[in-house]
Amino acid sequence: MPSLLILLFVIAFAITPHVAIAQFVPTEIVYENSQEDVSATHARLEEFGDEIILAGDNRKIIRFEFEYFGKFEADGDETCILRFYRNDGEALILDDKAPGTLIYESQPFTLFPGYNTAVLQGISVEVPDKFTWTVKFDGLTGFSKDRAALVLRDPASIGKSFDDFWVRFGNGWGTWRFKGDPIANFACKATSEYDLSVTFAALERNEDNMPLLTIQGPRGQTVIVWASNDLKEWEPIALQLLEERRFTLLDEHAAPERPRYYRAALTNGSPIELSNFKILPNKKTRLSVSGPRGLPFTVQASADFESWEDVFSLAFQSRPITVQDKDAAEQDIRFYRILINNTVVQDASSIKETIITFPDDFVNE
């Protein structure tokens, strides 16, 4: 029998893949300050860089770009090292903490004279929402005709940055600014890998010892959650469009004294919908049904919103399915709905790594 998960008009959005690191992977630009005019450049021999606040959802940086200006006669030993830091060091101003934990350090790479964009690919490092990126220029004297500088632009078009930057002096980190002219933001761009995974971000029990599941996935995608009492028959208990990255689900059909199993996945397909309604000359009704390919469903009809009868059962195909309701001619009015059916898994070991168990994996609130 189909479950009681009723689906009417559910919208899902597709993520557009972009080219990154010479292969096709879904990406998201989480910080960009490269659109406005160049306001100035700033050269130093000390390690220095900007604290940035990322936008978007994804935090695995796979590509980082920054602009610099080299004023030197190249002899091959002019290099740079890029570093990322957590801002968990010494608190210097109010609650603002200096760079502390090093989370990424590049190999030295060659600098070139003139205006350039340094592009570092294949980084693959998890960063917090706010972190500091720095550069350390080497092989230069710092004199007017033998130095390298970061480029200043403002404001950032994606993400945010404050009007100051960090400098690593001999006795530790300190902040530097130009009193607002120019704004102390360096030109850079951070690209992250779009996380297409679905995870159980939190597993809790409410005051009635019932399971509360917090599911996390990519914004704009649709997640389906199944529950099972025997690891064979799986009942869909939620189909959720992620307007935010997380949602919390209470499973009211669980029993505290009985094991209950859960798994979740993206639907990765077209939205579930009923469309193209048409009354035929014989008074029968014809309609189209579409949804994520392979997901089993049942179309039901009712004349009063109380008593529902099955009209059609199948699994969604790659194209809309045409359904005909032969009993519609006998009714003055007819309502339709889609139910996602239970599924049976013959080999539980094939999905074992994705299963969450109640009550073993759940904690009290």
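Here the structure is shown first, and the text comes after it.
Our subject in this report is the structure included herewith. From a predicted model like this one, the values you see are computed outputs, not experimental measurements.

What counts as what
- Throughout, a residue's number is its position along its own chain's written sequence, starting from 1.
- Confidence filtering applies because this is a predicted model: local features only for residues at pLDDT of at least 70, side-chain atom pairs given and counted only at 80 or more, and all residues used for totals across whole chains, interfaces and linings.
- Water and hydrogen atoms were dropped before computing side-chain values, which therefore reflect all heavy atoms in the structure.
- Within this document, salt bridges are pairs made up of a side-chain nitrogen of Lys or Arg and a carboxyl oxygen of Asp or Glu, the two lying within 4 Å of each other.
- Where helices and strands are cited, they refer to DSSP runs of H or I of at least four residues and of E of at least two residues respectively, numbered from the N terminus.
- A 1.4 Å probe rolled over the protein chains alone gives each residue an accessible area, and that area as a share of the maximum for its type sets the label: buried under 20%, exposed over 50%, partly exposed in between.
- Two N or O atoms count as a polar contact when they lie within 3.5 Å, although within protein this holds only if one can serve as hydrogen donor and the other as acceptor, and sequence-adjacent residues are included solely when both atoms are side-chain atoms.
- When DSSP finds two or more bridges between a pair of strands, those strands are recorded as paired.

1. With respect to the pattern of salt bridges
- The final tally for this structure, using the stated rule, is 17 salt bridges.
- With its nearest N and O atoms 2.8 Å apart, the salt bridge here joins Asp129 to Arg59. In this pair, Asp129 is assigned in the loop between β13 (114–126) and β14 (130–138) and Arg59 in the loop between β6 (48–53) and β7 (60–71), connecting sequence segments 70 residues apart.
- With a relative accessible area of 47%, Asp129 lands in the partly exposed category.
- Classification of Arg59 by relative accessible area gives buried; the value is 14%.
- One network of salt bridges, with partners in common, ties together Glu47, Arg83, Glu105 and Arg168.

2. A closer look at the side chain of Arg260
- Inspection of the secondary structure puts Arg260 in strand β25 (residues 260–266).
- A distance of 2.8 Å separates the side chain of Arg260 from the side chain of Asp251, its partner in a polar contact.

3. Quick word on the sheet that holds β25
- Pairing is antiparallel in the open sheet, where 5 strands are placed in the order β32-β23-β22-β25-β33. Two strands in the sheet have a free side with no partner beyond their single neighbour: β32 (343–344) and β33 (356–358).
- In this sheet, β32 lies alongside strand β23 (residues 233–241) in antiparallel orientation, the contact comprising 2 bridges. Counterpart to Glu233 in the pairing with β32 is Val344.

4. A few points about unusual backbone geometry
- The linkage connecting Asp154 with the following residue, Pro155, adopts the cis geometry, with an omega of 0 degrees.
- Here Pro155 shows up in the loop between β15 (147–152) and β16 (160–161).
- In this chain, Asp181 is followed by Pro182 through a cis amide linkage whose omega measures 5 degrees.
- Here Pro182 shows up in the loop between β18 (172–176) and β19 (188–193).
- If you check the backbone angles, Asn209 has positive phi at about 65 degrees while not being a glycine.
- The phi dihedral of Leu231 falls on the positive side, at around 65 degrees, and the residue is not glycine.

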